[in-house]
Amino acid sequence: MSLLKTILNIAVPPPDIESFDRFLFIGPHPDDIEIGAGATAAHLAAMGKSLCFLICTDGRYGGVCGGKELAGLRKTEARRSAELLGVSDVRFLGLCDGGFYEQKELEAGIAGVIGDFRPQVIFAPDPRVSSECHADHLNVGNAAMRLAYFAPYGDIMANYGASAAPVEAVALYMTAAPNRFVGTRGCLKKQLSAIFDCHLSQFSENEESVRSISLYLRLRARAFGLRSFKGSAEGFRVLGITQMHCFPEAGS
């Protein structure tokens, strides 16, 4: 990290996630929110915060036997998983898994939920990760970043057919450059249960995947916990309004 970047991060730090009250978690597919930020969602819900899950695609290609039947099953699994984490407000755009939709359609759908739920913080996958190859993750992450900045502007949001919202930060999960950490002590078990006990269409017959993802999440929680002196934690690349525009030092 350059000296200038260090100084600016101290002078203008990214917002503290836990200081807000309303959070919109956006997932490209059912189970992405749980894997990327499930422990944080459980922690915030336990604090009495207001949370909404928005799942953008139907996940119809998330298995060998896909299609509308799998999409319907995954919607049921997503609701069950969110409930386990303490979240009752779960919404679906129902776009076709695999990037088979227009970006404008995706952005309009997300904008509508932002205007209705009025979050202060938006969680989404980090689209700036160089190894990410899935179109849905890239599309959703870019849409979320764009709308997080535009959300307070009523005239701009009206172009999406949506209302303005008091968004103050975007928290990017599945990131390679976390700058904020949320302590999640006691929430890992609930996160793992939300993934593996609820999203059975994805994991019930894939023991290797269960082992590898479980190990990854445990190691990640421990590593971020040590890094942040929180014991167990999840890390996010957080951008406040100041960092979202004309602030290149806030980049990964």
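The present account deals with the structure reproduced in this document. (Residues numbered from 1 in each chain as written. Predicted model: local features only at pLDDT ≥ 70, side-chain atom pairs only at ≥ 80, totals over all residues. Heavy atoms only, no water.)

A word on the state of the cysteines
Inspection of the entire model under this criterion finds zero disulfides. As a non-bridged cysteine, C96 has C56 as the owner of its nearest cysteine sulfur, 13 Å distant. Here C187 is not cross-linked by a disulfide; its sulfur's nearest cysteine counterpart is in C198, at 15 Å. (Disulfide = S-S within 2.5 Å.)

So, the layout of surface pockets
Rolled over the atoms, a probe with the dimensions of a water molecule shows which regions are left empty. Looking at the second largest pocket, its volume works out to about 260 Å³. Contributing to the lining of the second largest pocket are 13 residues, with H29, D31, D32, H134 and H137 lying nearest its centre. Across the lining of the second largest pocket, the residue classes tally to three nonpolar, five polar and five charged. (1 Å grid on protein atoms, 1.4 Å probe; cavity = no way out; pocket = protein on both sides within 12 Å on 5 of 7 lines; lining within 4 Å. Points joined across faces, edges and corners; volume = space filled by probe spheres on them. Nonpolar A, V, L, I, M, F, W, Y, C, P; charged D, E, K, R; others polar.)

As for the environment of Y101
Residue placement: Y101 occurs in the loop between β3 (89–95) and α4 (103–117). Residue classification places Y101 among the buried residues on the basis of a relative accessible area of 11%. Along the chain, Y101 and F236 lie 135 residues apart, while their C-alpha atoms are 28 Å from each other. With residues up to four places along the chain from it excluded, the contact list for Y101 reads T57, L95, C96, L106, A135, D136 and N139. For Y101, the side chain forms a polar contact with the side chain of N139, separated by 3.2 Å. (Helix = DSSP H or I, 4+ residues; strand = E, 2+ residues; numbered from the N terminus. Buried < 20%, exposed > 50% of the residue type's maximum accessible area, 1.4 Å probe, protein only. Contact = heavy atoms within 4.5 Å. Polar contact = N/O pair within 3.5 Å; in protein donor to acceptor, adjacent residues only side chain to side chain.)

Comments concerning the nonpolar core
In terms of nonpolar packing, the biggest core is built from 33 residues, with L24, I26, L106, I110, I114 and I122 touching the most fellow members. Listed by contribution, the elements that provide at least two residues to this core are β1 (22–27), β2 (50–57), α4, β4 (121–125), α5 (135–150) and β5 (169–173). Sequence-distant contacts of I122, that is, excluding residues within four places in its chain, are made with L24, I26, I114, A144, A148, V167, A169, V170 and A171. In terms of nonpolar packing, the next biggest core, distinct from the first, is built from 29 residues, A42, L44, A45 and A82 among them. (Core = buried A, V, L, I, M, F, W, Y, C linked by side-chain atoms within 4.5 Å.)

Some remarks on the packing of aromatic side chains
With the rule as written, the count across this model stands at nine aromatic pairs. Ring centres 6.0 Å apart and planes at 40° place the aromatic pair Y149 and Y153 in the tilted group. Feature note: the residues F23, F25, F53, F123 and F236 constitute an aromatic cluster, connected by ring pairs. Of note, R22 hangs over the ring of F117, and the distance from its end group to the ring centre comes to 4.2 Å. Here K75 stacks its cationic end above the ring of F92, 5.1 Å away from the centre of that ring. (Phe/Tyr/Trp six-rings, centres within 6.5 Å; stacked < 30°, edge-to-face > 60°. Lys NZ or Arg CZ within 6 Å of the ring centre and 35° of its normal.)

So, the sheet that holds β1
Spatial ordering of the open sheet is given by β3-β2-β1-β4-β5-β7-β6, a layout of seven strands whose pairing is mixed. Two strands lie at the open edges of the sheet, namely β3 and β6 (180–183), each paired on one side alone. The mean inter-strand angle of the sheet, taken between neighbouring strand axes irrespective of direction, is 25°. Bridge count for β4 against β5 is five bridges, and the pairing is parallel. Bridging from a neighbouring strand, V121 pairs with A169 of β5. Of the strands in this sheet, β1, β2, β4, β5 and β7 (233–240) touch α5, which is tilted by about 160° from β4. (Pairing = 2+ DSSP bridges. Axes fitted to C-alpha atoms, helices over the stretch in contact; angles between N-to-C directions.)

Focus: the side chain of S228
The topology assignment puts S228 in helix α9 (residues 207–228). Judged by its relative accessible area of 16%, S228 falls in the buried class. In this view, S228 contacts F181 and A233; residues no more than four positions away in its chain are not counted.

A look at unusual backbone geometry
With a phi close to 95°, D31 is a non-glycine residue in the positive phi region. Looking at the secondary structure, you find D31 in the loop between β1 and α2 (32–46). On the basis of relative accessibility, which here comes to 8%, the residue D31 falls in the buried class.

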